[in-house]
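Each chain, written out:
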Amino acid sequence: MEVGAEGFAWRLPRLRRRILRAAFVALDMEFTGLHSTSLQNNEPSLFDSPAERYVKVRQSVRHFTLVQLGLAIFSKEKSNKYVVHSYNFFLFPSTLGVRDVEFTLSASSIQFLSHYGFDYNKFLKDGIPYMNEEQEKILRQHLLAGTWKVCSTSNVDRDVLKKAIDEVTSWIAAAKEEDTMILQDLNGYQMLDVQLVLRQALENVWTEPLGDMKVMVKKVTPEHRQLLENSSYDHCEKKLVLLSARGFTNLFQILVKAKKPLVGHNMLMDLMHLHDKFYRPLPESYEEFKRNIHNLFPVIIDTKTVTKYVQKKCLFPRVSSLLEAYAVLSSSNLNPKGPPCPVIALASGCSRYAEKKFPHEAGYDAFLCGSVLLMSAHLLLCRSTDDAVEADPSFSQYLTVLAEHVNKVNFIRGGVSSINFSGEDAPCRHPPALVVHVRGWPGLTERHIYHEFKAHCRFDVRRLSKNQFILLSNKYKQLVLRDYRHHPHLQVSVYRHWRHSPSVKCLLQISGIVALWSLLAFALGGARSC
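The rules we used
Residues numbered from 1 in each chain as written. Predicted model: local features only at pLDDT ≥ 70, side-chain atom pairs only at ≥ 80, totals over all residues. Heavy atoms only, no water. UniProt positions renumbered as here; feature names shortened; annotations may be inferred. Helix = DSSP H or I, 4+ residues; strand = E, 2+ residues; numbered from the N terminus. Buried < 20%, exposed > 50% of the residue type's maximum accessible area, 1.4 Å probe, protein only. Contact = heavy atoms within 4.5 Å. Areas by Shrake-Rupley, 256 points an atom, 1.4 Å probe, with all protein chains shown as cover. Pairing = 2+ DSSP bridges. Axes fitted to C-alpha atoms, helices over the stretch in contact; angles between N-to-C directions. Parallel < 35°, antiparallel > 145°, perpendicular 65-115°, else oblique. Left-handed = near helix turned anticlockwise from the far one by under 90°. Nonpolar A, V, L, I, M, F, W, Y, C, P; charged D, E, K, R; others polar. Polar contact = N/O pair within 3.5 Å; in protein donor to acceptor, adjacent residues only side chain to side chain. Expected span 1.5 Å × (residues − 1). Core = buried A, V, L, I, M, F, W, Y, C linked by side-chain atoms within 4.5 Å. Phe/Tyr/Trp six-rings, centres within 6.5 Å; stacked < 30°, edge-to-face > 60°. Lys NZ or Arg CZ within 6 Å of the ring centre and 35° of its normal.

In the annotation of an unreviewed UniProt entry, the entry for the protein chain reads Poly(A)-specific ribonuclease PNLDC1, and the organism field reads Leiothrix lutea. Quoted straight from UniProt, the Cofactor (unreviewed entry) entry for the protein chain says "Mg(2+)". Recorded in UniProt under Sequence similarities (unreviewed entry), the annotation for the protein chain is "Belongs to the CAF1 family."

A.B. asks: Explain the overall build of the protein chain residue by residue, including any values.
C.D. replies: For the protein chain, the helix and strand inventory stands at 21 helices and 16 strands. A total of 530 residues make up the protein chain; the buried ones form 50% of that total. Of the contacts made within the protein chain by residues no fewer than 6 positions apart, 73% connect residues no fewer than 24 positions apart. Summing over all exposed atoms, the protein chain offers an accessible surface of approximately 27,500 Å²; the carbon and sulfur share of this is 53%.

A.B. asks: Can you break down the sheet that holds strand β7 (residues 214–219) residue by residue, with the values?
C.D. replies: Strands sit in the order β5-β7-β6 across an open sheet of 3 strands; the sheet is antiparallel. The strands lining the two open edges of the sheet, one partner per strand, are β5 (180–183) and β6 (205–211). The sheet shows a mean angle of 25° between the axes of neighbouring strands, taken without regard to direction. Inspection of the sheet shows β5 paired to β7 by 4 bridges, in the antiparallel sense. When the sheet's bridge partners are listed, I182 is paired in β7 with M216.

A.B. asks: Any details on the packing of helix α2 (residues 50–63) against helix α11 (residues 268–279)? Residues and values, ideally.
C.D. replies: Contact pair α2 / α11: the axes reach a minimum separation of 10 Å and the direction vectors enclose 55°. Relative to α11, the element α2 is oriented oblique. Where α2 crosses over α11, the handedness of that crossing is right-handed. Contact with α2, carried on its side by R53, Y54, V57, R58, V61 and R62, involves L268, M269, M272, H273, D276 and K277 of α11 and no other residues of that element. Split into classes, the residues belonging to the contact of α2 with α11 amount to 6 nonpolar, 1 polar and 5 charged.

A.B. asks: Explain the side chain of H265 residue by residue, including any values.
C.D. replies: Along the polypeptide, H265 turns up in the loop between β8 (262–264) and α11. Looking at H265, its side chain comes within polar contact range of the main-chain nitrogen of K304, at 3.4 Å. Ignoring sequence-local partners within four residues, the contact set of H265 consists of D270, D302, T303, K304, L322 and C369.

A.B. asks: Just give me the short version of α11, but keep the residues and values in it.
C.D. replies: Its 12 residues give α11 an end-to-end C-alpha distance of 16 Å, which sits within 8% of 16 Å, the value for a rise of 1.5 Å per residue. In terms of burial, α11 is a largely internal element, 12 of the 12 residues being buried. Among all positions of α11, only L268, M269, D270, L271, M272, H273, L274, H275, D276, K277, F278 and Y279 are buried.

A.B. asks: Give a detailed account of the pairing of strand β14 (residues 460–465), specifying residues and quantitative values.
C.D. replies: One ladder, built from 5 bridges, connects β14 with strand β15 (residues 468–472); its direction is antiparallel. Bridge pairing in β15 places R463 opposite F469. Linking β14 back to β15 in an antiparallel pair, the connection comprises 2 residues.

A.B. asks: Which residues make up the nonpolar core, and what values go with them?
C.D. replies: Ranked by size, the top nonpolar core spans 50 residues in total, and within it L71, F89, F248, L251, L271 and L274 carry the most contacts. For this core, the secondary-structure elements that each account for two or more residues are α1 (5–21), β2 (24–31), α2, β3 (66–76), β4 (81–90), α10 (249–258), α11 and α12 (286–296). What F248 contacts, discounting residues up to four positions off in sequence, is F8, L69, F89, L91, I128, P129, Y130 and F278.

A.B. asks: Explain the packing of aromatic side chains to me, and be specific about the residues and the numbers.
C.D. replies: Under the criterion given, the structure shown has 26 aromatic pairs. Seen from their ring centres, F8 and F248 are 6.1 Å apart, and the 35° between their planes marks the pair as tilted. Of this pair, F8 sits in helix α1 while F248 is found in the loop between α9 (238–246) and α10, placing the two residues 240 residues apart along the sequence. Each ring, one from F358 and one from Y364, has its centre 6.3 Å from the other, and the planes form 70°; the classification is edge-to-face. Using a relative accessible area of 19% as the deciding quantity, one classes F358 as buried. A cation over an aromatic ring shows up here: R53 above the ring of F411, its NZ or CZ 4.5 Å from the ring centre. The ring of F358 carries R352 above its face, with NZ or CZ at 4.3 Å from the centroid.

A.B. asks: Residues and numbers for the sheet that holds β15, please.
C.D. replies: As summarised here, the arrangement of the 4 strands in space is β14-β15-β13-β16, forming an open sheet in which the pairing is antiparallel. Each edge of the sheet is formed by a strand with only one pairing partner; in this case those strands are β14 and β16 (490–494). Ignoring strand direction, the axes of neighbouring strands in this sheet form an average angle of 25°. Against the sheet, helix α18 (residues 446–453) engages β13 (433–438), β14, β15 and β16, with an angle of about 130° to β14.

See below:
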């Protein structure tokens, strides 16, 4: 089910009821970009610790924004069955306030989503507004002071507002008090914008939404206008303006209060965007970010972490994507003796996901994510005991068998396998490294080294000293050592800490100097005594 600004407000109560009844919710997001290339040394690297990666991703999250958020609500029925309501929410930053929001577009990301059929018109024209607590605080202050304004940057919005103002100003000159006119063809957020702008510009008009994309404009006296503004029926009352401007943030807060298990796939960036866009700007401290997320969502499950474990435990075929994991778990007879996996039924409004694949559509990927979790948990439950597993396991039984993976979010290409949101991270353990010693090739940089070796393997490069570089890879071929054995400028060897570490070398040099001075002092002292 696709949801934009026009239909979001009236769907919110039903969404709240479904979330409160849910066993768990799964989410997925699509962005205007992933890693900003305008920032130096911002690419993920095998050298990264979790704290170092957080600093890199934090910068990118502040540059890019969400275009779509998928939410799949999994509800357990009495039988061994889960019903799924899956939603695609098109999002666009709130334009109501005094600060205009800026964000960056990555050409490759935009092209990628376009390839999979993403509708950018829905993102731009009917995106649900949202804001975090800091932005809400600023808007609240300006609403109380009467200094707010609409920052509509869309040409479409500008045209709509100009047309409405022209129509009303032409009409009002000849209109009598209590006369009315109707403005038509306004989407959900434009209806609020038009009313606020007209009321701010003209003190002798009153507006009311009529539904069906229409707004009524009435000519009134300033005194009558003041009475109407103070009434409880004002659809542009400050609280309602704030509620409308917060948009999707209202649903985010429902999720936070419900405290349902939150499921995602490779979800570090998703969690960082959740924090930054709907809660508070990302803090500088990595540990503070982890504490905040754990307070918001005490139970997080990353299906990438789970499927990596299932691959080892159950001889699960190696897969490279969420869709592949879903396909293998759905079709393979990995559990011939145990009870069948729960039935996963899509609700009537989401049935197209049962008929066709929609990769990289956020609602579809959220559905896949929750389904992979249920199938993986069922498989692990059946393999965890020699006793017969009951035909209708509860979701709490699945959580028990998944306990060691709860709050462990997959860490892509780094010093640890996962980030622990409910405790300390594991110590960093890097794969075997190579060291490159440069001779007779001045001015060589990390980028030169990377391009030199990329044909052999995907290496991450870091300078060790003036003439030495470290290479890290998840796996490297011994051919690299062989091919560079007789290279005129580059000598490649396996990294040995005691031999190549600058700190160890420095310590040995200092020790050598101390030993030399001690020997010299001993020799001079012995000569004097003679």
